[in-house]
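Here are the chains, one letter per residue:
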Amino acid sequence: LFEKDMMQLIEAWANLLPAKRRRIFIKHFIEGLDTREIADQLNISQKTVQNQLGNAVTYLYARFNHLLSIVPPFIIFFIFV
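Being a predicted model, the structure only gives us computed values, none of them experimental.

Inspection of the entire model under this criterion finds 2 salt bridges. In this structure, Glu31 engages Lys27 in a salt bridge whose closest nitrogen and oxygen atoms are separated by 3.9 Å. By relative accessible area, which is 47% here, Glu31 ends up partly exposed. Classification of Lys27 as buried rests on a relative accessible area of 14%. With a shortest N-O distance of 3.6 Å, Asp40 and Arg36 are connected by a salt bridge. Taken together, the residues Asp40 and Arg36, both in helix 3 (residues 35–42) and 4 residues apart, mark about one turn of the helix. In this structure Asp40 comes out as exposed when scored by relative accessible area, which is 53%.

Structure follows, in structure tokens:
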């Protein structure tokens, strides 16, 4: 149940991202693809994928930093691993 709730939360956060960035974020963090696989699927450079992932994480961290302070650190580890 906890994992399902966390996945719904991550998907809700992803929906706040611009379309291209959201697609990359979902492919990486939900589907588990690496940056090379995403780049190949979307016909973009691996560096673009890396930049978009970095921008997504930075944006979400800045927007939800206050929530992260109440979430135990081990949970954060499992969200982004």
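This brings us to the packing of helix 2 (residues 19–29) against helix 3. Relative orientation of the contacting elements helix 2 and helix 3 amounts to 135°, with a least axis distance of 10 Å. Viewed along their axes, helix 2 and helix 3 adopt a mutual orientation that is oblique. As for how helix 2 packs across helix 3, the hand of that crossing is right-handed. Contacts between helix 2 and helix 3 pair Arg23, Ile24, Lys27 and His28 from the former with Ile38, Gln41 and Leu42 from the latter. For the contact of helix 2 with helix 3, a count of residues per class yields 3 nonpolar, 2 polar and 2 charged.

Conventions we followed
Sequence positions are assigned chain by chain, starting from 1 and proceeding in written order. Totals for whole chains, interfaces and linings use all residues, but because this is a predicted model, local features are given only for residues with pLDDT of at least 70 and pairs of side-chain atoms are given and counted only at 80 or more. Only hydrogens and water are removed before side-chain values are computed, so all heavy atoms of the structure are retained for them. A carboxyl oxygen of Asp or Glu within 4 Å of a side-chain nitrogen of Lys or Arg is what we treat as a salt bridge. Only protein chains enter the accessibility calculation, which uses a 1.4 Å probe; a residue is then buried when its area is under 20% of its type maximum, exposed when over 50%, and partly exposed in between. Each helix is a run of DSSP H or I of at least 4 residues and each strand a run of E of at least 2, with the numbering of both proceeding from the N terminus. To define axes, lines are fitted to C-alpha atoms, for helices over the stretch in contact only, and angles between the resulting N-to-C directions are given on a 0 to 180 degree scale. Oblique is the label for any angle not covered by the other classes, which are roughly parallel (under 35 degrees), roughly antiparallel (over 145) and roughly perpendicular (65 to 115). Handedness of a crossing is defined here by the sense of rotation of the near helix relative to the far one, left-handed for an anticlockwise turn of less than a right angle and right-handed for a clockwise turn. Pairs of residues are marked as contacts when any of their non-hydrogen atoms sit within 4.5 Å. Gly is placed with the polar residues, together with every amino acid not listed as nonpolar (Ala, Val, Leu, Ile, Met, Phe, Trp, Tyr, Cys and Pro) or charged (Asp, Glu, Lys and Arg).

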